[in-house]
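# Examination of the molecular architecture
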Amino acid sequence: MKAYAYAPGKIIICGEHFVVYGATALAAAINRGTTAEAEPSPTTTIYSKDFGLQADLSTNSIPEKLKPLTAAITAVKEHLGEKRGVKLTIQSDLPPRSGLGSSSSSAVAAVAASALALGHRLPLDDIIKLAMVAERLVHKNPSGIDVQVSARGGLLLFTKGSQPELIKLKEKVRFVIASTGVERETGELIERVRVWRERNLSLFSSLVESVTTLSRCCAEALILGDLKRVGAILNFFHTTLSWLGISIKEIEQIVEAALSSPAALGAKLTGAGGGGSVIILCSEDGADDVVKSVSKVASETFITTLPNNGVKTWVKKS
């Protein structure tokens, strides 16, 4: 028997970086993610099709890029009291280091599929807890928002240390996601913001409070279908994040190209910055026009419609 799991990536609509310091952020699952295939095996092996790398847990030769997943699968086996191994293969259609939650998507899918292959269908809270083992190795001090969105799906208001709030939309909302093609190290950008915060403690504290208010305003506007207000909030957040020094020329080029289209209601970088991706809120029928506007300056673009489901699992008999 082979077990499978699929977990989506994510976009942060409001609140990246500030969520680490207690602000409420708004994030959503997207229509791309990671698929994991697992089956029982005498030893535990992990193969990443994206990296072309394999880890064999019976040896000490574990590639650096696979150490987070290795730690998560080890935690799964300890949690279940399992001595059996699993053969795990993962593949993602999310660009790595793009601000779209590729690491958390991989961790959630790997945890869910491995447990199912060993005969255990884990509760969602356990999947989240075990996937965080990998995420802490990737991002050092993660808020947990990426894993929560990948596991639960939908649109979530998230505050570190609290249960996320699911936001239910009355109408579907469309975003264009445009990649800069510039990979970046999330940890370095988090450190840059930490240093800025230490030098401007009072101002940063005020920004954290403002971010919480605006994230909730943005969620309310999405529920009401007030997309112009949502777009204005996105533009404000992008300006603020640029001010913190985490935008780059390639991001600004995409934002400028996007906002040249009448169909674009707002645009901002998403995730850590320093490269990665830009999200663009579109009018109801304007996504294709926005794609045309940004295609010359983006390395890749795609359209995602919100909401999207979280992790799902299934089995196939050999």
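Residues numbered from 1 in each chain as written. Predicted model: local features only at pLDDT ≥ 70, side-chain atom pairs only at ≥ 80, totals over all residues. Heavy atoms only, no water.

Looking at the element boundaries, Ser143 is found in the loop between helix H3 (124–139) and helix H4 (145–152). Of the polar contacts made by the side chain of Ser143, one reaches the backbone nitrogen of Ile145; its length is 3.2 Å. Apart from the residues lying within four places of it in its own chain, the contact partners of Ser143 are Val19, Val20, Phe158 and Lys160. (Helix = DSSP H or I, 4+ residues; strand = E, 2+ residues; numbered from the N terminus. Polar contact = N/O pair within 3.5 Å; in protein donor to acceptor, adjacent residues only side chain to side chain. Contact = heavy atoms within 4.5 Å.)

Next up on the list: the layout of surface pockets. In this structure, the largest pocket occupies an estimated 1100 Å³ of space. Lining the largest pocket are 49 residues; nearest its centre among them are Arg97, Ser102, Ser103, Val138 and His139. When residues of the lining of the largest pocket are traced back to their parent elements, those giving at least two are strand S1 (2–14), helix H1 (67–80), strand S5 (85–92), helix H2 (102–117), H3, H4 and helix H5 (186–199). Examining the composition of the lining of the largest pocket, we find that five residues originate from one element, H3, more than from any other. Looking at side-chain class alone, the lining of the largest pocket contains 19 nonpolar, 17 polar and 13 charged residues. Considered as a void within the structure, the second largest pocket measures approximately 220 Å³ in volume. (1 Å grid on protein atoms, 1.4 Å probe; cavity = no way out; pocket = protein on both sides within 12 Å on 5 of 7 lines; lining within 4 Å. Points joined across faces, edges and corners; volume = space filled by probe spheres on them. Nonpolar A, V, L, I, M, F, W, Y, C, P; charged D, E, K, R; others polar.)

Summed over the entire model, instances satisfying the criterion amount to six aromatic pairs. Here Tyr4 and Trp314 contribute two aromatic rings whose centre-to-centre distance is 5.6 Å and whose plane-to-plane angle is 5°, an arrangement assigned as stacked. In this pair, Tyr4 is assigned in strand S1 and Trp314 in strand S12 (residues 312–316), connecting sequence segments 310 residues apart. Tyr4 gets classed as buried once you look at its relative accessible area, which sits at 13%. A centroid spacing of 5.4 Å and a plane angle of 70° characterise the contact between Trp196 and Trp243, whose relative ring orientation is edge-to-face. Highlighted residues: Trp196 in helix H5 and Trp243 in helix H7 (residues 227–243), separated in sequence by 47 residues. Looking at Trp196, the relative accessible area reads 17%, which means it is buried. Aromatic rings pair up to connect Phe18, Tyr21, Trp196, Phe204 and Trp243 into one cluster. Note that Arg32 overlies the ring of Phe302, its terminal NZ or CZ placed 4.0 Å from the centroid. (Phe/Tyr/Trp six-rings, centres within 6.5 Å; stacked < 30°, edge-to-face > 60°. Buried < 20%, exposed > 50% of the residue type's maximum accessible area, 1.4 Å probe, protein only. Lys NZ or Arg CZ within 6 Å of the ring centre and 35° of its normal.)

Attention now moves to H4. With seven of eight residues buried, H4 lies mostly within the body of the structure. Within H4 the residues assigned to the buried category are Ile145, Asp146, Val147, Gln148, Val149, Ser150 and Ala151. Buried positions along H4 lie against S1, strand S2 (24–41), H2, H3 and strand S6 (155–159).

Let us now look at unusual backbone geometry. Looking along the chain, the bond that leaves Leu306 and enters Pro307 is cis, with omega of 5°. Note on placement: Pro307 falls in the loop between strand S11 (300–306) and S12. Positive phi is not limited to glycine here, since His17 has a value of about 70°. The topology assignment puts His17 in the loop between S1 and S2.

Turning our attention to empty space enclosed by the protein. Taken as a whole and assessed by the stated rule, the structure comprises one cavity of 30 Å³ or more. Of the voids in this model, the largest cavity is the one considered here, and its volume is about 30 Å³. Lining the largest cavity, in full, are Phe18, Leu207, Ser210, Val211, Leu214, Phe236, Phe237 and Thr240. Counting only elements with at least two residues in the lining of the largest cavity, the list comes to helix H6 (201–224) and H7. When residues in the lining of the largest cavity are grouped by element, the largest group, four residues, is from H6.

The next thing to look at is the pairing of strand S8 (residues 173–179). The element S8 is extensively covered by neighbouring structure, given that six of its seven residues are classed as buried. Note that S8 and S11 share seven bridges and pair antiparallel. Bridge pairing links Arg174 to Thr305 in S11. Note: S8 against strand S10 (residues 277–282), five bridges, orientation antiparallel. Its bridge partner being in S10, Val176 is matched across the sheet by Ile280. (Pairing = 2+ DSSP bridges.)

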